[in-house]
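Read off the chains here:
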Amino acid sequence: MSKLPHTATSIFTVMTQMANQHQAVNLSQGFPNFPVDARLLEIIARKTAENVHQYQPSSGYPPLLQKIARLIFDSYQRKVNPDTEILVTAGATQGIFTAIQALVYPGDEVVILDPCYDSYETPIVLSGAKAIHVSLLPDFTPDWEAIANAVHSKTRMIIINNPHNPSGRIWTETDFVALEDLTARFPNLIVLSDEVYEYITFEQPHVSIHHREKLHDRSLSVSSFGKSFHITGWKIGYLVGPESLIKEIKKVHQFLVFSVNSLAQAAISDYLDLVDVTALRPFYQNKRDTFRKLMANTPFEWLPCEGSYFQVASYAGFSSESDVDFTKRLVTDYGVAAIPVSAFYADGKDLSHIRFCFAKDEQTLAKAAERLAQL
Ligand code: PMP
Ligand code: GLN
């Protein structure tokens, strides 16, 4: 009997395979296709000649832990202790998995907000806990009434994702106040804040859990260098939280990976001395705007995109197909791959929405637009 009878191959793998098979322009899985910063490539080449090829301390390469603490201070004016409050992980995915394994008990409930990223549910199930899916409102903002109704004494954790994949919406001050009110009523409730797109917000600044002092003693933030430095294949990120929680997470981490790829840690540590993460905002805002301009001749309706590198489009105005069928037809008949948003809902809710990733060079985006203009 399978421990995960309902877990199938991820939609991101499925769509990328399909895109490759049909030589389609791949705007499905979220990864950039433009070159990595030449300075980072130069650093990693130089680092390979240094003695950084052996195990590092389980929590992370010490200089990198220091640099992460500095980055958090510079970005959010929050002081964290690099020795006790940070853990370097093999991508945000491992951070999420490890945190859930360490902190969630059999019989617990974990609230997740649909549509949501696919790596939350499985670690919850493997912990013997139950995922409680609460839908976001139709505009993809949190439904505080529904969330409050779902949270009770058995709720161990709520997972939030801001900026949000797939919708590109971001959290407001009001959302955080509602979360603070809720957590005040449930002293054992932990907040796991997935902020892998923290440096990619557009007209409005990102409000991070790092800004919310009231939540610090019970919150974990998850970050991804893969997303922030266009190196998704390096699989490196980090968790930040209070010592009491990080201490427990480190126990699991020790036996899941022990320590993360040393060369990547050493290279990113040096790179953090020269990279300007605030440059990501104008860079991706320009991509979003270029993408939308290029797509002006297509029949889609574009939903708001406040952050992340995803843009959701509605095709309800010109097709009544399911989003899965529609997405398949886009690949086979038009040569463009996207993600059906129903894949992000536990109940497969289909709102005739598909998600495009615009973290691509202009030529790729233009080719996709040209093809989709035939719709
Ligand atoms: N969270 C969200 C919301 C994501 O979109 C992704 C995909 N990159 C991840 C976590 C995983 O990040 P990583 O590649 O660093 O594991
Ligand atoms: N986060 C990426 C996305 O949403 C996918 C990462 C993966 O394939 N696991 O497209």
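Residues numbered from 1 in each chain as written. Chains lettered and ligands numbered in written order. Predicted model: local features only at pLDDT ≥ 70, side-chain atom pairs only at ≥ 80, totals over all residues. Heavy atoms only, no water.

(A) The arrangement of the packing of helix H4 (residues 91-103) against helix H9 (residues 243-256) in detail. Two elements in contact, H4 and H9, have axes separated by 8 Å at closest approach and are oriented at 115°. In terms of their interaxial angle, H4 and H9 are classed as roughly perpendicular. The handedness of the crossing between H4 and H9 comes out as right-handed. Contacts from Gln-94, Phe-97, Thr-98, Ala-99, Gln-101, Ala-102 and Leu-103 of H4 reach H9 at Leu-245, Glu-248, Ile-249, Val-252, His-253 and Leu-256. A per-class count over the contact of H4 with H9 returns eight nonpolar, four polar and one charged. (Axes fitted to C-alpha atoms, helices over the stretch in contact; angles between N-to-C directions. Helix = DSSP H or I, 4+ residues; strand = E, 2+ residues; numbered from the N terminus. Parallel < 35°, antiparallel > 145°, perpendicular 65-115°, else oblique. Left-handed = near helix turned anticlockwise from the far one by under 90°. Contact = heavy atoms within 4.5 Å. Nonpolar A, V, L, I, M, F, W, Y, C, P; charged D, E, K, R; others polar.)

(B) Here's a closer look at the pattern of salt bridges. Enumeration over the complete set of coordinates arrives at 14 salt bridges. Salt-bridge contacts for Lys-47 lead to Asp-270; the nearest nitrogen and oxygen are separated by 3.2 Å. Here the residue Lys-47 occupies a position in helix H2 (residues 38-48), and Asp-270 occupies one in helix H10 (residues 262-271), the gap between them amounting to 223 residues. Residue classification places Lys-47 among the buried positions, given a relative accessible area of 5%. Glu-306 serves as the salt-bridge partner of Arg-169, at 2.9 Å between the closest nitrogen and oxygen. Here Arg-169 is found in the loop between strand S5 (155-161) and helix H7 (173-185), whereas its partner Glu-306 is found in the loop between strand S9 (301-302) and strand S10 (310-314), with 137 residues between them in sequence. A residue is classified by how much of its surface remains accessible, and Glu-306, at 15% relative accessible area, is buried. Here the salt bridges share partners, and the residues they tie into one network are Glu-42, Arg-46, Lys-47, Glu-50 and Asp-270. (Salt bridge = Lys/Arg side-chain N within 4 Å of Asp/Glu carboxyl O. Buried < 20%, exposed > 50% of the residue type's maximum accessible area, 1.4 Å probe, protein only.)

(C) Layout of H9. Between its first and last C-alpha atoms H9 spans 19 Å; for 14 residues at 1.5 Å apiece the expected length is 20 Å, and the two agree. Burial in H9 covers these residues: Leu-245, Ile-246, Ile-249, Lys-250 and His-253. At its buried positions, H9 is contacted by strand S2 (86-89), H4, strand S6 (190-194), strand S7 (219-224) and strand S8 (237-240). Just past H9, the residue Phe-258 takes up positive phi, approximately 65°. (Expected span 1.5 Å × (residues − 1).)

(D) Seen up close, the sheet that holds strand S12 (residues 339-340). The sheet built from four strands is open, its strands ordered S9-S10-S13-S12 with antiparallel pairing. In this open sheet, the two strands that pair with only one neighbour each are S9 and S12. Alignment of S9 against S10, held across two bridges, turns out to be antiparallel. Looking across to S10, one finds that Glu-301 is bridged to Ser-314. (Pairing = 2+ DSSP bridges.)

(E) Representation of H10. With ten of ten residues buried, H10 is to be regarded as a mostly interior element. Within the span of H10, buried status applies to Ser-262, Leu-263, Ala-264, Gln-265, Ala-266, Ala-267, Ile-268, Ser-269, Asp-270 and Tyr-271. The inward-facing, buried residues of H10 abut H2, helix H3 (62-76), S2 and helix H8 (225-228).

(F) Seen up close, the site of ligand 1. Around ligand 1 lies a shell formed by Gly-91, Ala-92, Thr-93, Tyr-117, Asn-161, Asn-165, Asp-194, Val-196, Tyr-197, Ser-224, Lys-227 and Lys-235. Note that an oxygen atom of ligand 1 is positioned 2.8 Å from one of the side-chain N or O atoms of Asn-165. At 2.6 Å from an oxygen atom of ligand 1 is found a side-chain nitrogen or oxygen belonging to Tyr-197. Relative to its free-state accessible area of 390 Å², ligand 1 is covered by the protein chains to the extent of 94%. (Near = heavy atom within 4 Å. Polar contact = N/O pair within 3.5 Å; in protein donor to acceptor, adjacent residues only side chain to side chain. Areas by Shrake-Rupley, 256 points an atom, 1.4 Å probe, with all protein chains shown as cover.)

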